[in-house]
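Fold and contact review
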Amino acid sequence: MATIQTARAAFEKRLTRRSVVAGSAGLVVATSLAGRPTRVLGQGTPEATPVGTLGFASSPFTLGVASGDPLPDSVVLWTRLAPDPLADDGLGGMPGMPVGVRWELADDDAFRQIVQSGTATASPTLAHSVHVDVTGLAPGRTYFYRFMAGNEVSPTGRTRTAPAPGTAVDRLRFAFASCQKYEDGFFTSYPHIVADDPDLVVFLGDYIYEYASADLDDPVRAITGGKLAVLSDFRNRHATYKTDADLQAAHAAAPWIVTWDDHEVTNDYSGGEVIDDDAPVSVTDLRVAGYQAYYEHLPLRPSSMPTGPDMQLYRRVTWGDLAEFQVLDTRQYRTPFPFGYGEQPRTPAAFDPATTMTGPSQERWLLQGLDDSAARWNVIAQGVMMGELLHQGDPEIYWTDAWDGYPDARNRILSHIMSRGISNPVVITGDWHSTFVNDLKASFEDEDSLTVGTEFVVTSISSNGDGGGYQDYYGPMIPLNPHIRLFDGDRRGYQRVEVTPDAWRVDVQMVDTVLSETSAASTFASFVVENGTAGAQQL
Ligand code: FE
Ligand code: CA
């Protein structure tokens, strides 16, 4: 089947044909450990070097702090020791031995009322990252946390536990975002997210991009390294991103819930299938390296620690009786594209019931989770657009690296939601570097069919830079898709949500530019979904 050239494919290709850029990120100050730590040997395994015995010539907390996956009694605290964050070996300037990292969690940001503290082991096998799963906390509470290693103290982070199960919650405020391509622009949305003071930040994929610095033409910010292939490459790309002060501040401001999309590994891969014929190593090897580096750099529970090319990322977060998030992994378990990759005419193969976006286990888990949920709002947080975008009729053309490529899988989920009467389903999505607000229909071919749920697709933080051309390309298709309530292809930003028992309100927040270090932001559009009535209403 011939692959039809597409705006998205052309955009990706353009990036791989670009000229070499000299220079480095310009943010690395070479450092070394002033004193070699003493290796303490235990029962055949090196034990963590006690806190205080390491002397750092400069702070090892160059990548900031983060927290995530709040439960009513627990939250994960993250940091990674990296005094020289882009050291060639991917170990951040750390010695190849475990190091003790003290952590403190307090009621106040002056750390006068310490609630819990302890020492975690930062091991070279996980690039000296720590993922502390603090348990026994009070529900619905704000806490402050920090880390110490040697004589160095990390920045302070603020986090929050989820409300107690079943408790009446009258409000949840969160932001969601995706697609932060470092070289395409500054992350100018994050200061606005911090200023909004959300309870949570949800990040929906493309946390990094795997392209080679040599392929860049006119980068807004230079990156170092080739096309990512091995673990040290992925580690240093994550580290480059994590040195961004605005990203660090957003992580320090609130707990994050993250899932991935394709670029944490390689462009538009599907499970075991890779479309990139320039891929430097096998998709299995890319998954091994990409998944490990992803785990090492994000505030995930140790239960998400990968094993080889496998990582448990799909999970649930519940906010009292108000909202439950089913956080999906829409990459790892996919079957190959049922009717080919790219912009393709849909064929009967699209409706093969063996095709899947989530894999059968995750699909059963999702449908069961929706059935079991007692929440008023049921959020499906996931990577790629669920609503249909018909490109043209006769033959009917769709972009297949989205649920449009897996329509039987989409039908199974929407049919389940409809037949079980799931309470207020809302899908939040990243990936497209565009904003869409979609009514999810019982039949997208029938404008008058039931609206089953509502989808909000967030634009990119920086990917495509300012403009980018998607407005001109996709804009003319929108009239073919009357269930699409809003489309914008050229602006960068995030979405801000306020959930109450009566309504889900979204402000589509857009920045003026990602080409300068700071930017104003403003509300481009606002929508409400009323309790009990699927579909978005523009305010
Ligand atoms: Fe992206
Ligand atoms: Ca993507």
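Overview of the structure. As the structure is a prediction and not an experimental result, all values here were calculated from the model.

**Here's the deal with the packing of aromatic side chains**
- Overall, the coordinates contain 27 aromatic pairs when judged by the stated rule.
- Between Phe-203 and Tyr-207, the aromatic rings sit 5.3 Å apart at their centres with planes inclined by 75°, giving edge-to-face as the arrangement. There is no split in this pair, since Phe-203 and Tyr-207 are both buried.
- Summarising the aromatic geometry, the rings of Phe-337 and Tyr-406 are spaced 6.2 Å apart at their centres and angled 50° between planes, so their arrangement reads as tilted. One end of the pair, Phe-337, is in the loop between strand E17 (323-327) and strand E18 (343-345); the other, Tyr-406, is in the loop between strand E20 (397-399) and helix H7 (407-420), with 69 residues separating them in the sequence. Of the two residues, Phe-337 and Tyr-406, both sit in the buried class.

**Considering the pattern of salt bridges**
- The tally for this structure, following the rule as stated, stands at 28 salt bridges.
- The closest approach of N and O atoms between Asp-107 and Arg-141, which form a salt bridge, is 3.1 Å. With Asp-107 in the loop between strand E7 (99-106) and strand E8 (114-122) and Arg-141 in the loop between strand E9 (129-134) and strand E10 (142-149), the pair connects residues that are 34 residues apart, well separated along the chain.
- Overall, Asp-107 belongs to the partly exposed group, its relative accessible area being 33%.
- A relative accessible area of 34% places Arg-141 in the partly exposed class.

**Focus: the pairing of strand E14 (residues 200-203)**
- Burial along E14 is two-sided: Leu-200 and Val-202 and Val-201 and Phe-203, pointing in opposite directions, are all buried.
- Bridge count between strand E13 (residues 172-177) and E14: four bridges; the pairing is parallel. Bridge pairing links Ala-177 to Phe-203 in E14.
- Note that the unit made of E13, helix H2 (residues 190-196) and E14 has a crossover that is right-handed.
- Of the strand pairs in this sheet, E14 and strand E15 (residues 256-258) are connected by three bridges, and their pairing is parallel. Across the sheet, the residue bridging to Val-201 is Trp-256, located in E15.

Each value, and the rule that gives it
- Residues numbered from 1 in each chain as written.
- Chains lettered and ligands numbered in written order.
- Predicted model: local features only at pLDDT ≥ 70, side-chain atom pairs only at ≥ 80, totals over all residues.
- Heavy atoms only, no water.
- Phe/Tyr/Trp six-rings, centres within 6.5 Å; stacked < 30°, edge-to-face > 60°.
- Buried < 20%, exposed > 50% of the residue type's maximum accessible area, 1.4 Å probe, protein only.
- Helix = DSSP H or I, 4+ residues; strand = E, 2+ residues; numbered from the N terminus.
- Salt bridge = Lys/Arg side-chain N within 4 Å of Asp/Glu carboxyl O.
- Pairing = 2+ DSSP bridges.
- Right-handed = clockwise from strand over helix to strand, strands pointing away.

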